[in-house]
Amino acid sequence: MRFSIVTAFPEYFDAFLNTSIVGRAVKEGKIEIDIVNLRDYAINSYGQIDDYSYGGGGMVIRPEPLYNALKSIKSEKSFVVYTSPQGVVFNQDTVEALAAKDHVILICGHYEGIDERFAEKCVDLEISIGDYVLTGGELPAMVIVDAVSRLVPGVVGRGEAVLEDSFYRGMLDHPHYTRPSVWCGLEVPEELVSGDHEKTARWRRRQAVVRTLKRRPDLLARANIRPYLSQGVYVMLVHHPVLNKDGKTVTSAVTGLDLHDISRSCMTYGINKFIVVTPLKSQQEMVCKIVNHWEKAPEGLNPMRSEALSLLKAFDSIEDCLAWIEKKEKKKPLTVATTAKKRAGALPVFELKRILLERDLPVCILFGTSWGLADEVFSGVDVVLSPILGGKGDYNHLSVRSAVAILLDRLFGWR
Ligand SMILES: C[S@@+](CC[C@H](N)C(=O)[O-])C[C@H]1O[C@@H](n2cnc3c(N)ncnc32)[C@H](O)[C@@H]1O
């Protein structure tokens, strides 16, 4: 990956290009950084690059030196960034977007900034590193190059270190400790010196959760929380008996399409089991038949699909299923009902994420079929989730397959 930095003060970058991780990445050719001295494109032999602001005020960088400097380095693959306090605030999403580019050109402003016409004509994105004003764009350019370089393969020694960093999955990192093991009477947490890798990993995950909830709960809206839940997550598709208008008890039929599609969504989002509840023996047998069919499918044929379908299990009642989960997890699961209709007390997904991380319980998310979940189901669960709304009036008649996929993505999707 290549960065070009256009600046009137190239000396700012002397240490940056030769120091620590960025310096090593440059030396090893993992990243390329060229510094373009704006004064080489000055409008006269005095090295002039700026002029008075029209209407009064300080100095502004003129458009011609910027344009000529840009022309000397720009290609079709270049993405031009102007560091500006008025730009979008730099965050991990922008870091990832820039890391996907081949060539990022960073224009550093100074004084009152740059001529607006250059920004309008030549800049793809203005980036601010925070709501304060610095004297120039050189420090922001270094911040941007540093953050983006960390995502270039091989720049950070241990690749997985980046995955655990704050914001990468939308959560904060866990605290870090080093030697000595006791300092000023303060000990390193026992979990880190135990030598038990599983215990250490569990402790780190939990600390990341505790920190995020305490310091930056706002991050949860976009965080991928599945790796931080130590207990199982279950999806239940309920074919519950309901009374029809003739006073007869009826139950919706299990469909092959639901079983296939929901299994695959469950597999994608790391769900432990997809459970179909139906009181009808023949329907339970059908579920088993489908699972067996794919289990016995000849080797090499759709292995991913048979793996996804192996998540499937059938029960004849919600109670039996919850008892089975409790036995398996050694903890009573948190039960979450979903609905297409607005219900008093329903919680948004963001709140459910917070509850899941805070309580760290196994969770079972219940989805209804045709008629939705029965009233007695709603009164027996711990949480009711607000309906998914698309903004088209009150119409939100999604298939259960779509509803499962959307909710799993909102809860456990990678942003
Ligand atoms: C003194 S500032 C200009 C401020 C400008 N008059 C304003 O209020 O928006 C000079 C240069 O520093 C850089 N700069 C200052 N603060 C910045 C920030 N928070 N993020 C990114 N760049 C910044 C920009 O390149 C800017 O052109």
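Definitions and limits used
Residues numbered from 1 in each chain as written. Predicted model: local features only at pLDDT ≥ 70, side-chain atom pairs only at ≥ 80, totals over all residues. Heavy atoms only, no water. UniProt positions renumbered as here; feature names shortened; annotations may be inferred. Pairing = 2+ DSSP bridges. Helix = DSSP H or I, 4+ residues; strand = E, 2+ residues; numbered from the N terminus. Contact = heavy atoms within 4.5 Å. Axes fitted to C-alpha atoms, helices over the stretch in contact; angles between N-to-C directions. Phe/Tyr/Trp six-rings, centres within 6.5 Å; stacked < 30°, edge-to-face > 60°. Buried < 20%, exposed > 50% of the residue type's maximum accessible area, 1.4 Å probe, protein only. Parallel < 35°, antiparallel > 145°, perpendicular 65-115°, else oblique. Left-handed = near helix turned anticlockwise from the far one by under 90°. Nonpolar A, V, L, I, M, F, W, Y, C, P; charged D, E, K, R; others polar. Core = buried A, V, L, I, M, F, W, Y, C linked by side-chain atoms within 4.5 Å. Domains from an automatic or database assignment.

For the chain, an unreviewed UniProt entry supplies the name tRNA (guanine-N(1)-)-methyltransferase and the organism Acetomicrobium mobile. Under the UniProt heading Function (unreviewed entry), the note attached to the chain is "Specifically methylates guanosine-37 in various tRNAs." UniProt's Subunit (unreviewed entry) comment on the chain is quoted here verbatim: "Homodimer."

**Q** I'd like to hear about the sheet that holds strand β13 (residues 273-277), residue by residue, with values.
**A** Read from one edge to the other, the open sheet built from six strands follows the order β14-β13-β10-β16-β15-β17, with strand pairing classed as parallel. Across the chains shown, the open sheet's two edge strands, defined by having one partner strand only, are β14 (312-315) and β17 (383-384). Sheet analysis places strand β15 (residues 334-337) next to β17, joined by two bridges and oriented parallel. Among the inter-strand pairings, Ala 337 is bridged to a residue of β17, identified as Val 384. Together, β10 (233-238), β13, β14, β15 and β16 (363-368) form the strand contacts of helix α12 (residues 318-329), whose direction differs from that of β10 by roughly 170°. Each of β15, β16 and β17 is contacted by helix α13 (residues 349-359), which is oriented at about 170° to β15, the strand it contacts most.

**Q** Could you give an account of the packing of aromatic side chains, naming the residues involved and the relevant values?
**A** Under the criterion given, the structure shown has four aromatic pairs. On the basis of an interplanar angle of 55° and a centroid distance of 6.4 Å, the ring pair of Tyr 177 and Trp 203 is categorised as tilted. One end of the pair, Tyr 177, is in the loop between α6 (159-164) and β8 (182-183); the other, Trp 203, is in helix α8 (residues 197-215), with 26 residues separating them in the sequence. By relative accessible area, Tyr 177 is classed as partly exposed at 43%. Take Trp 203: its relative accessible area is 11%, and that puts it in the buried class. Ring centres of Phe 315 and Trp 324 lie 5.6 Å apart, and the angle between their planes is 50°; on these two criteria the pair is classed as tilted. Judged by its relative accessible area of 23%, Trp 324 falls in the partly exposed class. Each member of the aromatic cluster is reached from another via a ring pair, and the members are Tyr 234, Phe 315 and Trp 324.

**Q** Help me get a handle on the packing of α8 against α13, residues and values and all.
**A** In the contact formed by α8 and α13, the axes pass within 10 Å of each other and the chain directions differ by 135°. If you check the angle between α8 and α13, you find them oblique. The handedness of the crossing between α8 and α13 is left-handed. Facing α8, whose interface residues are Arg 206, Val 209 and Leu 213, α13 presents Arg 354, Leu 357 and Glu 358. In terms of residue class, the contact of α8 with α13 is built from three nonpolar, no polar and three charged.

**Q** Help me get a handle on the nonpolar core, residues and values and all.
**A** By size, the foremost hydrophobic cluster in this structure holds 47 residues, and its most contacted members are Phe 274, Leu 356, Leu 357, Phe 367 and Phe 412. For this core, the leading source of residues is helix α15 (residues 400-412), giving seven residues. If you count residues domain by domain, this core takes at least three from each of domain 2 (182-222) and domain 3 (231-412). Not counting chain neighbours up to four residues away, the residues in contact with Leu 356 comprise Ile 225, Leu 229, Leu 334, Leu 361, Val 363, Leu 411 and Phe 412. Formed by 25 residues, the second largest nonpolar core is a distinct cluster that contains Ala 25, Ile 31, Phe 79 and Ile 127.

**Q** Outline the sheet that holds strand β1 (residues 2-7), listing residues and values.
**A** Strands sit in the order β2-β1-β6-β5-β7 across an open sheet of five strands; the sheet is parallel. Each having just a single partner strand, β2 (32-37) and β7 (125-128) make up the two edges of the open sheet. Shown here is a sheet whose adjacent strand axes are inclined to one another by a mean of 30°, direction ignored. When β1 meets strand β6 (residues 103-108), the two strands line up parallel, connected through five bridges. In the sheet register, Ser 4 faces β6, and the bridge partner there is Ile 105. Contacting β1, β2, β5 (78-89), β6 and β7, helix α5 (residues 138-149) crosses the sheet at an angle of about 175° to β1.

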